[in-house]
Amino acid sequence: MAFTRTTLLVPLTPSLSPRFSLLTSSLSPLRTTTRIKPLSVSVSSRSLQALIFDCDGVILESEHLHRQAYNDAFSHFDVRCPSSATSQPLNWDSDFYDELQNRIGGGKPKMRWYFKEHGWPSSSIFEKPPEDDAARAKYKEIIKSGTVEPRPGVLRLMDEARAAGKQLAVCSAATKSSVILCLENLIGMDRFQSLDCFLAGDDVKEKKPDPSIYLTAATKLGVSGKECLVVEDSVIGLQAATSAGMSCVITYTPSTANQDFENAIGIYPDLNSVRLKDLELLLQDAVAAT
């Protein structure tokens, strides 16, 4: 089915906004509506000034790597939970991990939650329960190996934004050391060092879905929330962005594809066919509708 570019239409009430996915090239997402609000001259003063990327799931489709690293660590240290029905080391399958990572952000919080629910584990190697240091070390080895690539379209969109004079930022809930590792190896040192703002979970007191990281980014960039557009992959990130007064587009992953992204102004399977001009139009329409 062929589509043509369509001006973003905004519903009068949330109930009129259907869940949608965009699988076509260089198009703005479609919405149903009963009224179109025209753009006004004031929109030009609220045009896109800063493009802000999450890291895990947006720049790097990383959750399967995290799960692999956790399970490798569990196996290596023979980690066993009291509630386990088998005599095998703990192993998180993909379905369970999808639920876990969409509920709780950060490595140690995941571990604490799981072991509180299922009992603190025993290990034939260590007296104390292992945390995520070994998993992080394994994860770093995978990243450095060069076998992991950035998600489609990310580098091209960053370069388009930079060439157009837009500010670029990365805001991740992960620890700073792990995000730096990812960015240096995936987007390259030049792009990383030229970022106008880089914030990690260590830089704020509260993690997503709290909006602190995006509010801090706007302050550092010297722009208002309405002049920012956030690229996220999950509902948790979407909530953080919208709570900060920013518009958000979603580039979902297999583990987040079924989440409800009703408040996103655009939803894409990846950024391969998304151009900066498409995002500028989306943001203009979103601001005009408020």
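Calculation criteria
Counting from 1, residues in each chain are numbered in the order their sequence is written. The predicted nature of this model means local features are confined to residues of pLDDT at least 70 and side-chain atom pairs, given and counted, to a pLDDT of 80 or more, with totals for whole chains, interfaces and linings taken over all residues. Think of the side-chain values as coming from all heavy atoms in the structure, minus any hydrogens and water. UniProt positions are given in the numbering used here, feature names are shortened, and annotations may be inferred rather than shown by experiment. Every helix listed is a DSSP run of H or I at least four residues long, and every strand listed is a run of E at least two residues long, numbered separately from the N terminus. The cut-offs for exposure are 20% and 50% of the maximum accessible area for each residue type, with area from a 1.4 Å probe on protein chains only; residues under the lower value are buried, those over the upper are exposed, and the others partly exposed. Contacts are assigned to residue pairs that have any heavy atoms within 4.5 Å of one another. Residue-level accessible areas treat just the shown protein chains as cover; the underlying method is Shrake-Rupley with a 1.4 Å probe. Planes of paired rings set the category: under 30 degrees apart is stacked, over 60 is edge-to-face and the rest tilted, where pairs are Phe, Tyr or Trp rings (Trp by its six-membered ring) whose centres lie within 6.5 Å. A pairing counts as a salt bridge when a side-chain nitrogen of Lys or Arg comes within 4 Å of a carboxyl oxygen of Asp or Glu. The criterion is simple. A nonpolar core is a set of buried Ala, Val, Leu, Ile, Met, Phe, Trp, Tyr and Cys residues joined through side-chain atoms within 4.5 Å.

If you look the protein up in an unreviewed UniProt entry, it shows as Haloacid dehalogenase-like hydrolase domain-containing protein from Rhododendron griersonianum. The record held by UniProt for the protein lists under Sequence similarities (unreviewed entry) the comment "Belongs to the HAD-like hydrolase superfamily. DOG/GPP family."

Asker: So what exactly am I meant to see when it comes to the overall build of the protein here?
Answerer: For the protein, the helix and strand inventory stands at 10 helices and six strands. Residues counted as buried form 48% of the 290 residues belonging to the protein. For the protein, contacts bridging at least 24 residues in sequence account for 68% of all contacts bridging at least 6. Surface accessibility of the protein: about 14,100 Å² in total, with carbon and sulfur atoms responsible for 51%.

Asker: Looking at this structure, I do not really get the packing of aromatic side chains. What am I missing?
Answerer: The description of two aromatic rings rests on the distance between their centres and on the angle between their planes. For the coordinates displayed, the defined rule picks out four aromatic pairs. Between Phe96 and Tyr114, the aromatic rings sit 5.6 Å apart at their centres with planes inclined by 75°, giving edge-to-face as the arrangement. Of this pair, Phe96 sits in helix 2 (residues 94-103) while Tyr114 sits in helix 3 (residues 107-118); the two residues are 18 residues apart in sequence, bridging distant segments of the chain. Residue Tyr114 is classed as buried on the basis of its relative accessible area of 9%.

Asker: Help me out: how do you make sense of the pattern of salt bridges in this one?
Answerer: Summed over the entire model, instances satisfying the criterion amount to eight salt bridges. Put simply, Arg191 and Asp159 hold a salt bridge, and the shortest N to O gap is 3.0 Å. Of this pair, Arg191 sits in helix 7 (residues 189-193) while Asp159 sits in helix 5 (residues 154-163); the two residues are 32 residues apart in sequence, bridging distant segments of the chain. Connected through shared salt-bridge partners, Asp54, Lys208 and Glu232 make up one network.

Asker: Before we go on, may I ask you to explain unusual backbone geometry in this structure?
Answerer: With the exception of glycine, the majority of residues adopt a negative phi angle, and the majority of peptide bonds are in the trans configuration. Note the cis peptide between Lys208 and Pro209, where omega equals 15°. If you trace the backbone, Pro209 turns up in the loop between strand 3 (197-199) and helix 8 (212-221).

Asker: Sorry if this is basic, but what is going on with the nonpolar core here?
Answerer: Counting residues in hydrophobic clusters, the biggest one holds 36 residues, and the most contacted among them are Leu51, Phe53, Val170, Leu183 and Leu279. Of all the secondary structure elements, the ones that give two or more residues to this core are strand 1 (50-53), helix 5, strand 2 (167-171), helix 6 (176-186), strand 4 (228-232) and helix 10 (276-288). Top element by residues in this core is helix 10. It accounts for six residues. When residues no more than four places from it in sequence are discounted, the contact partners of Leu279 are Leu51, Leu157, Leu229, Val249, Tyr268 and Val274.

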